[in-house]
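# Analysis of the macromolecular model
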Amino acid sequence: RRAGAFHPAPRPPPGALARGHARRRRVVMDLLLSTVDTSERGGGGPSLFELLMHLQVERTLPQAFRHVLQTLASRFHALLPLLDFSEELWMVLSFSLERRSLHENGATFAESLYGLHRVAPA
């Protein structure tokens, strides 16, 4: 092989991506379980439903924002240039929403929808 030549990365063995995805999901769930307090609802940890819905909300909010922006741009043509910056607009909106939610509720926006609150790790 020549130095500086482009060589494609070797393909992972079948099932390796699924195992990696499952491992990342377990790490995320462990992290969520370790930093979320539900003591005002009777103790214990959050239910699996709450954790899955929290992740679902975080995944679908950007898509919903883009759809709203596209709908508004189709109705008000002056907003069409904003479609090119939809990801940046979402990041600014998301930052301000999460910052306010963390400041007021002690939880991210999606966590506060399900009554989850962050606690300091012990």
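Values in this document were obtained by computation on a predicted structure and should not be read as measured data.

### Observations concerning the overall build of the protein chain
A count of helical and extended segments in the protein chain gives 4 helices and 2 strands. Helices (α) and strands (β) of the protein chain occur, in sequence order from the N terminus, as α-β-α-α-α-β. Here the protein chain, with 122 residues, has 19% of them falling under the buried criterion. Taking as baseline every contact in the protein chain between residues at least 6 positions apart, the subset at least 24 positions apart corresponds to 47%.

### What about the side chain of Glu111?
On the secondary structure map, Glu111 appears in helix 4 (residues 109–113). From its side chain, Glu111 meets the backbone nitrogen of Thr108 in a polar contact 3.0 Å long.

### Focus: the pattern of salt bridges
Applying the stated rule across the entire model yields 1 salt bridge. Two residues, Glu104 and Arg100, come together in a salt bridge whose shortest N-O distance is 3.1 Å. With Glu104 and Arg100 both in helix 3 (residues 86–105), this residue pair falls 4 residues apart, about one helical turn.

### Quick word on the packing of aromatic side chains
Overall, the coordinates contain 1 aromatic pair when judged by the stated rule. Their ring planes at 40° and their centres at 5.5 Å tell us that Phe65 and Trp90 sit as a pair that is tilted. A residue pair is termed long-range when its members are at least 10 positions apart, and Phe65 in helix 2 (residues 48–75) and Trp90 in helix 3 qualify at 25 residues. By the burial criterion, Phe65 is buried, and Trp90 matches it.

### Some thoughts on the confidence of the model for the protein chain
Taken as a whole, the protein chain shows an average pLDDT of 76; of its residues, 61% reach a score of 70 or greater. Of all the helices and strands in the protein chain, strand 1 (residues 36–37) carries the lowest mean pLDDT, 53, while helix 3 carries the highest, 91.

### Overview of the packing of helix 2 against helix 3
For any two helices packed against each other, one specifies the crossing angle of their axes together with the interaxial distance. Interaxial distance between helix 2 and helix 3 falls to 10 Å at its minimum, and their mutual angle equals 120°. With respect to each other, helix 2 and helix 3 are oriented oblique. In this structure, helix 2 crosses over helix 3, and the sense of that crossing is right-handed. Residues Leu61, Pro62, Phe65, Arg66 and Leu69 of helix 2 form the contact with helix 3, whose participating residues are Ser86, Leu89, Trp90 and Leu93. Each residue belonging to the contact of helix 2 with helix 3 can be placed in one class, and the counts come to 7 nonpolar, 1 polar and 1 charged.

### A word on helix 3
Look at helix 3: 27 Å from first C-alpha to last across 20 residues, which is about the 28 Å you get at 1.5 Å a residue. The complete set of buried residues in helix 3 reads Ser86, Trp90, Ser94 and Ser101. Buried residues in helix 3, looked at end-on, bunch into an arc of 55°, giving them a common side. Facing away from the buried side of helix 3 by over 90 degrees, the exposed positions are Met91, Val92, Phe95, Arg99, Arg100 and His103.

Conventions we followed
Residues numbered from 1 in each chain as written. Predicted model: local features only at pLDDT ≥ 70, side-chain atom pairs only at ≥ 80, totals over all residues. Heavy atoms only, no water. Helix = DSSP H or I, 4+ residues; strand = E, 2+ residues; numbered from the N terminus. Buried < 20%, exposed > 50% of the residue type's maximum accessible area, 1.4 Å probe, protein only. Contact = heavy atoms within 4.5 Å. Polar contact = N/O pair within 3.5 Å; in protein donor to acceptor, adjacent residues only side chain to side chain. Salt bridge = Lys/Arg side-chain N within 4 Å of Asp/Glu carboxyl O. Phe/Tyr/Trp six-rings, centres within 6.5 Å; stacked < 30°, edge-to-face > 60°. pLDDT = per-residue confidence, 0-100. Axes fitted to C-alpha atoms, helices over the stretch in contact; angles between N-to-C directions. Parallel < 35°, antiparallel > 145°, perpendicular 65-115°, else oblique. Left-handed = near helix turned anticlockwise from the far one by under 90°. Nonpolar A, V, L, I, M, F, W, Y, C, P; charged D, E, K, R; others polar. Expected span 1.5 Å × (residues − 1). Arc of directions from axis to C-beta.

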